[in-house]
Amino acid sequence: MTATHAGPSRTPRHPRTVFVERLERRDCPAGDTGLPAYDIGTPDVTDIWVDPLAGNDAATGVARDAAVRTVSEAWRRVPVGAPLPRGVRINLVAGTYGESLVPNYWERRLGSAAAPVILRAADGAGSARLPALNIFGCTHLVLDGLDISAGGGDVLHLEACTHVLVRNTTVRGLGSIADYAVPQEAFKANQCQHVYIENCDISGAWDNAIDFVAVQFGHVVGSRIHRAGDWAMYVKGGSAGILVAGNEFFDAGTGGFTAGQGTGFEWMTAPWITYEAEDITFTRNVIHDTEGAGVGVNGGRNITITSNVMYRVGARSHVIEVGFGSRSCDGNRARCAALLAQGGWGTDVVGVDVPIPNDGVTIAANVVLNPDGHVSRWQHFAIAAPRTPPAGSNVPSPARADLNLSIVDNIVWNGPADHPLGVAAPPLAAALLARNAINTVRPVLVDPARGDYRPAPGAPVPPGWSEGVTPPVVTPPVITPPVPALAAAFVASPPTTTRALATFTVTFNRAVRGVTLDDFTLRRGRVTLPLRGARLTTADNRTFTLGGVRGTNVAGTYVLTLRAAGTGITDAALAAFATPATTTWRMTRWAPARV
């Protein structure tokens, strides 16, 4: 797995072929009625109306018949860079708003729960069509009922935003995925918090339909997410506290949904700087017609994947994967080093890939049905073997993809009875076969040919199958500060002296074991002096006093060394003392030896 760039959007590339998809239906595919909804309340707002045909930018904008013409003018009237005293609602009259009518960069409108910024289609969902939107540093922003379509870059991009609701909106990338003549991502959010996607249709990207990087808190519910060359959706880069429920994922290359993937270290935000994804719940979704796995976890902690239906998945690989995420440094070495110093997992060396493990993954009570004529190409599962991370990455070694992994109560119907399980470790393979129905129970769905993927009434469902939706419980990120190398230093000797030195003190940066008199050497020039009669004492196994040293009364340059290699000095965790400690001084005259 290769780490992917997770910074600001790339330069748009224009498609060679442009076509317009029909406005997709946005029914909740799993039939859920209990999906959460972000409540914006009934804020007090100032209305600004926009009409691309009959409007005039010199008008007041206070009513439909006094509309301004451009969205740029309406946006300009929203105060920038300061908290809004009152909310603003921009009402878009039905029509197409070309690039010349909208801002190139939507920046720093600071709404609040009581005073949000709302951009809505005034004449119903899909009636106002906009080009790509690039939004930075906005708070409490609502996009409602829009049709956002573009053929390059990212169609909808949020960066450094908080409390953004996208509801009843189509986000559509135009062009050919096969030719890469289509946006890289349809919907990208990075370094954001509280992002909510509800009842939307998001599609059309050679990479991902939805890409969350370093996004904490929010949900994606009741939406259709499709037509992507890679994963239809992933949450990665330290994303956390996200519910993904009641959606339909389909027509994707690498797979349907994964928690975690690969990220450039410098794009992550503290304290979420270890795992790729944490505290993610993926439930009551339908995943169908993906070339790769239906679902995956790649570098996640506390990930729950439950009560989902997967249909016609894994044609080029497997149906479920549990692997490693990856972490690289994309060039900002100072930022990467700073995150490492905080205990983050990664590297500050460009070109090095660090495996990110999993902990606490639960995949339970899901239904996988590959009907006759459809089978995953190689195996049922892909569960990665342990790996050794690079030294200094702060990643526990060995890194494990299966730490506290629970795969239970799933019904899997996929290929022949002897289709490979895909798990090498005998204990894990035995547990999977014992605790899941793999090619022993055939699920029945209501009518998948017509888009109804619910288990049929009376058909077998897994134990624990849930009709409800439980948001994830967010737990504090697990960050272990890096332990500094075991080191020691002498209390400095005077650079020059006329008196023989006989007592020396050396202190370690933590308690150690295994320090003996034989670990010290004393030299005058090229002559090694014996330490017979010297005494080594300590009260705390951290500070040691070497006393009774003889032979330092002769003029010359002295070096006292506490050796490292071969001494057996370690700390309580058995980390070895690796760098010798020395103290040096010069005796300027001969003095009588001490008796």
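These numbers were taken from a predicted model, which means no experiment stands behind them.

1. Looking at the overall build of the chain
Step number 1: For the chain, the count of helices and strands is three helices and 46 strands.
Step number 2: Against the globule reference of 25 Å for 595 residues, the chain gives a C-alpha radius of gyration of 31 Å, more extended than a compact globule.
Step number 3: The C-alpha extent of the chain, read off along each of the three principal axes, is 105 × 70 × 45 Å.
Step number 4: Taking all contacts inside the chain whose residues are at least 6 apart in sequence as the whole, residues at least 24 apart take part in 72%.
Step number 5: As displayed, the chain has an accessible area near 24,100 Å², and 55% of this comes from carbon and sulfur atoms.
Step number 6: Placing the 50 positive and 49 negative side-chain charges of the chain at their respective mean positions leaves the two points 14 Å apart.

2. A short note on the sheet that holds strand β44 (residues 543–547)
Step number 1: Reading across the sheet, the four strands line up as β38-β40-β44-β43 and stay open at both edges, with antiparallel pairing between neighbours. Edge positions in the sheet fall to β38 (488–490) and β43 (535–538), since each of these pairs with one other strand and no more. Averaged over neighbouring strand pairs, the angle between their axes works out to 20 degrees when direction is ignored.
Step number 2: Two strands pair when backbone bridges link them, and β38 and strand β40 (residues 504–508) are joined in this way by three bridges, in the antiparallel orientation.

3. A closer look at helix α2 (residues 333–341)
Step number 1: Taken residue by residue, α2 has Cys336, Leu339 and Leu340 as its buried positions. The arc that holds every buried residue of α2, seen down its axis, measures 105 degrees, which confines them to one face. Projecting away from the buried face of α2 at angles above 90 degrees are the exposed residues Ala334 and Ala341.
Step number 2: One or two residues past the end of α2 sits glycine 343, with phi positive at roughly 105 degrees.

4. Section: the sheet that holds strand β21 (residues 262–264)
Strand pairing in a sheet relies on backbone hydrogen bonds, with the paired strands running either antiparallel or parallel.
Step number 1: Read across the open sheet, the three strands follow the order β21-β28-β29; overall the sheet is mixed. Because the sheet does not close on itself, it has two edges, and the strands there are β21 and β29 (354–356). Looking at each pair of strands side by side, their axes are set apart by 25 degrees on average, direction ignored.
Step number 2: In the sheet, β21 pairs with strand β28 (residues 325–328) via three bridges, with the strands oriented parallel. Paired with threonine 263 across the bridge in β28 is arginine 327.

5. Side note on the pattern of salt bridges
Step number 1: Counted under the stated rule, the structure contains 18 salt bridges.
Step number 2: A salt bridge links arginine 77 to glutamate 73; the nearest nitrogen and oxygen atoms lie 2.8 Å apart.
Step number 3: Relative accessible area serves as the criterion here: at 28%, arginine 77 is assigned to the partly exposed category.
Step number 4: The structure contains a network of salt bridges with shared partners spanning Glu73, Arg76 and Arg77.

6. What about the pairing of strand β15 (residues 208–221)?
Step number 1: Summarising burial for β15: 13 of the 14 residues are buried, a large majority.
Step number 2: Two strands pair when backbone bridges link them, and strand β13 (residues 185–198) and β15 are joined in this way by 11 bridges, in the parallel orientation. Opposite phenylalanine 187, over in β15, you have isoleucine 210 as the bridge partner.
Step number 3: Here four bridges tie β15 to strand β17 (residues 231–236), and the two strands are oriented parallel to one another. If you follow isoleucine 210 over to β17, its bridge partner there is methionine 233.
Step number 4: Pairing analysis gives five bridges linking β15 to strand β18 (residues 239–245), with the strands arranged parallel. Bridge pairing in β18 links histidine 219 to leucine 243.

7. Considerations on the environment of leucine 445
Step number 1: Here leucine 445 shows up in strand β36 (residues 445–447).
Step number 2: Residues leucine 445 and glutamate 467, spaced 22 residues apart in sequence, show a C-alpha to C-alpha distance of 15 Å.
Step number 3: Not counting the four nearest positions on each side in its chain, leucine 445 is found in contact with Val309, Tyr311, Leu369, Asp452, Tyr453, Arg454, Pro455 and Ala456.

8. Section: the state of the cysteines
Step number 1: With the rule as written, the count across this model stands at one disulfide.
Step number 2: Cysteine 329 shares a disulfide with cysteine 336; S-S distance 2.4 Å. Across the disulfide from cysteine 329 to cysteine 336, rotation about the S-S bond amounts to roughly 100 degrees, and the bridge is consequently right-handed.
Step number 3: The structure places no disulfide on cysteine 138, whose sulfur is separated from the nearest cysteine sulfur, that of cysteine 161, by 5.2 Å.

9. What to know about the nonpolar core
Step number 1: Leu92, Tyr97, Ile135, Leu156, Leu158, Phe187 and Phe212 are the most contacted members of the largest nonpolar core, which totals 91 residues.
Step number 2: By residue number, the principal contributor to this core is β13, which donates six residues.

10. Focus on unusual backbone geometry
Step number 1: Note the cis peptide between alanine 270 and proline 271, where omega equals 5 degrees.
Step number 2: Looking at where proline 271 falls in the secondary structure, it is placed in the loop between β21 and β22 (277–283).
Step number 3: Here the amide bond leading from serine 397 into proline 398 is cis, since omega sits at -5 degrees, within 30 degrees of zero.
Step number 4: At glutamine 191, a residue that is not glycine, the phi angle is positive and equals roughly 50 degrees.

11. A closer look at the side chain of threonine 570
Step number 1: By the element assignment, threonine 570 lies in the loop between β45 (556–562) and β46 (581–587).
Step number 2: Residue threonine 570 is classed as buried on the basis of its relative accessible area of 13%.
Step number 3: Those residues within four positions of threonine 570 in sequence are excluded, and the remaining contacts are Leu486, Val512, Arg513, Ala575 and Ala576.

Parameters at a glance
- Residues numbered from 1 in each chain as written.
- Predicted model: local features only at pLDDT ≥ 70, side-chain atom pairs only at ≥ 80, totals over all residues.
- Heavy atoms only, no water.
- Helix = DSSP H or I, 4+ residues; strand = E, 2+ residues; numbered from the N terminus.
- Rg over C-alpha atoms; globule rule 2.2 N^0.38 Å.
- Contact = heavy atoms within 4.5 Å.
- Areas by Shrake-Rupley, 256 points an atom, 1.4 Å probe, with all protein chains shown as cover.
- Lys, Arg positive; Asp, Glu negative; His and termini not counted.
- Charge placed at Lys NZ, Arg CZ, Asp CG, Glu CD.
- Pairing = 2+ DSSP bridges.
- Axes fitted to C-alpha atoms, helices over the stretch in contact; angles between N-to-C directions.
- Buried < 20%, exposed > 50% of the residue type's maximum accessible area, 1.4 Å probe, protein only.
- Arc of directions from axis to C-beta.
- Salt bridge = Lys/Arg side-chain N within 4 Å of Asp/Glu carboxyl O.
- Disulfide = S-S within 2.5 Å.
- Core = buried A, V, L, I, M, F, W, Y, C linked by side-chain atoms within 4.5 Å.

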